[in-house]
Amino acid sequence: MTDEDLTHEEMHDLYELYALGVLDQVERDEISRHLGSGCAVCLGAVRRASMQNAGVLGILTPDSTPPGRVEARLREGVGLRARGWTWAAWAAAAACLVAMTWAGLKSWRISHELDATRQEVRRTDLELARVRAVLDVLNAPGTRAVSFGEEKQMPPRGSVFVNPQKGVVLIASRLPQLSTGWCYEMWLIPKTGAPKPAGVFWATEAGSAVHTLAGPLDVASTGAVAVTVEPGNGSPAPTSKPIIVASL
Amino acid sequence: MSGSLLVSVAVAVLSAVLRLRDDGELVERLQKRDPDAMAILYERYGRLTWSVILRIVRNQAVAEDLVQETFLRVWNRVAAFDRQKGALGPWVLTVARNRAIDYLRSVEGRAAESAFDLERLEHPSMFSGAPAGMLTGDWVKILRDAVERLDPNQRVLIELAYYEGLSQSEMAERLKQPLGTVKTRVRAALRILRQELGEAVA
């Protein structure tokens, strides 16, 4: 190993990025070479990082419902074009005992219900976690509430709740609908210095949104919480005039 | 058919169906090219796959194509998945993210991951031993607790890596921050996630 080589410990700090495929070329090549040498410890660490990445991805991602046509296209792709049976299947089915058919259909239905229930449990878990994060801020001692938009005739309106230990919750209504490819981005505006990005969010069809930024916050040095409309998945610095400003 | 025989048949059929809940059974059916298994795979992971891809590409039409591509890739490569070892979800999500990031990089004119590297990083063997229900139930809480320990700066960087596929140099350029600062924050964020998830994912 030369002086420029990464140590084992340094490589372990990079395995999640390696598994995500986002390492810069030099580091990526060095790790690839090392793994190619057959280091079992590091291969295990990369495998673990890959699974961790998938888990984090699952939890970070906002839940969304796919259109029904996605499944239909997929069925076509693997030859499930028709759900109907062939004549042979009908003949076989006719030969089956009624009780057997009943039992099979019943259990198949139970299986599908279990699938739906599991999906529902996951959605509920996620929703509960989001609600818990909001309540954490709202119920914490020392939380301050600041309303915005009351003096304006036009939308949006709402409140910002700020707690030095727990973070910020923004509750807004009457948000304008955004075109595809745009999002709302929340900013913490320090009394001095540049705005700090505080996460992106999208409004419901009714124009309401709840956005949480969990974690400690230096309220004393924060002058305001603002929201702008940004392209794509948000910007590192605001690119438009704020549509919400809640002065703290 | 007597009542007891009917009950036995019903129990046997029900047990057979319920065994399919386990991904091992599902993998076996996928490996046998059973198209119905693909429908079950989609029922289990379609919504999450869609959500991940849509979050990355922010375009419904593109997301539909990429979901299709993801599941067909899984269908074509599932032979290499060890059905005795672990859940399919993490692998499916990784394939989905890679398809979406690949698309994003191509439209933004950024260098794509080489096909060789991609093949290796999302090879089914990399996901051997993924815990059953990793993306559901108690895991949701463990993962959420881990993510919530990140401070806002760390979270922004993690999202840039996961959802935009940016390297640390690209993050530094995008955020106009020194590369050293970005590296320190990314390392700290990943350590937090690793510590929180450590034993659970090990």
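The following paragraphs examine the structure supplied in this document.

The rules behind these values
Residues numbered from 1 in each chain as written. Chains lettered and ligands numbered in written order. Predicted model: local features only at pLDDT ≥ 70, side-chain atom pairs only at ≥ 80, totals over all residues. Helix = DSSP H or I, 4+ residues; strand = E, 2+ residues; numbered from the N terminus. Buried ≥ 20, exposed ≤ 12 C-beta atoms within 10 Å, placed from the backbone. Contact = placed C-beta atoms within 7 Å. Pairing = 2+ DSSP bridges. Axes fitted to C-alpha atoms, helices over the stretch in contact; angles between N-to-C directions. Core = buried A, V, L, I, M, F, W, Y, C linked by C-beta atoms within 7 Å.

## Digging into the overall build of chain B
Step number 1: The secondary structure content of chain B amounts to 10 helices and 0 strands.
Step number 2: Sequence-ordered secondary structure for chain B, helices as α and strands as β, is α-α-α-α-α-α-α-α-α-α.
Step number 3: The 202 residues of chain B split such that 46% are buried.
Step number 4: In chain B, 68% of the contacts between residues at least 6 apart in sequence involve partners at least 24 apart.

## A closer look at the interface of chain B and chain A
Step number 1: Contact residues are listed per partner, giving 78 residues for chain B and 65 residues for chain A.
Step number 2: Sorting elements by how many residues they give to the side of chain B that touches chain A places helix α3 (residues 35-57) of chain B first, with 14 residues.

## Details of the sheet that holds strand β8 (residues 244-247) of chain A
Residue and element names in this part refer to chain A.
Step number 1: Read across the sheet, 4 strands follow the order β5-β4-β7-β8 without closing on themselves; strand pairing throughout is antiparallel. What marks the edges here is a single partner per strand, and that holds for β5 (196-201) and β8. Taken over all neighbouring pairs, the strand axes of this sheet differ in orientation by 20° on average, direction set aside.
Step number 2: In terms of strand pairing, strand β4 (residues 182-190) meets β5 through 4 bridges, oriented antiparallel. Residue pairing for β5: Leu 188 is matched across the bridge by Lys 196.

## Some points on unusual backbone geometry
Excluding glycine, residues mostly have negative phi values, and the peptide bonds linking residues are mostly trans.
All names here are of chain B.
Step number 1: The residue Arg 33 is not glycine, and still its phi comes out positive at about 60°.
Step number 2: Inspection of the secondary structure puts Arg 33 in the loop between α2 (23-31) and α3.
Step number 3: With phi around 55°, Arg 58 is a residue other than glycine that occupies positive phi space.
Step number 4: Tracing the chain through its elements places Arg 58 in the loop between α3 and α4 (60-77).

## Topic: the nonpolar core
Step number 1: Residues Leu41(B), Ile53(B), Val57(B), Ala100(B), Leu157(B) and Ala161(B) are the most contacted members of the largest nonpolar core, which totals 78 residues.
Step number 2: Of all the elements, α3(B) adds the most residues to this core, at 13 residues.
Step number 3: Not counting the four nearest positions on each side in its chain, Val57(B) is found in contact with Val62(B), Ala63(B), Leu66(B), Ala100(B), Tyr103(B) and Leu104(B).
Step number 4: Membership of the second largest hydrophobic core comes to 27 residues, among which are Val169(A), Leu175(A), Ala226(A) and Val227(A).

## Side note on the sheet that holds strand β2 (residues 157-163) of chain A
Residues and elements named next belong to chain A.
Step number 1: Strand order in the open sheet made by the 4 strands is β1-β2-β3-β6, with antiparallel pairing throughout. Looking at which strands have only one partner, the edges of the open sheet turn out to be β1 (144-148) and β6 (209-214). Mean inter-strand twist for the sheet, computed between neighbouring axes without regard to direction, equals 15°.
Step number 2: Sheet topology places β2 next to strand β3 (residues 167-173); 7 bridges connect them, and they run antiparallel. Across the sheet, the residue bridging to Phe 161 is Val 169, located in β3.

## Describing the environment of Gly24(B)
Residue and element names in this part refer to chain B.
Step number 1: With respect to the helices, strands and loops of the structure, Gly 24 is situated in helix α2.
Step number 2: Classification of Gly 24 as partly exposed rests on a count of 19 C-beta atoms within 10 Å.
Step number 3: Along the primary structure Gly 24 and Asp 82 are separated by 58 residues, whereas in three dimensions their C-alpha atoms are 8.3 Å apart.
Step number 4: Excluding anything up to four places from it in sequence, Gly 24 contacts Arg 83 and Gln 84.

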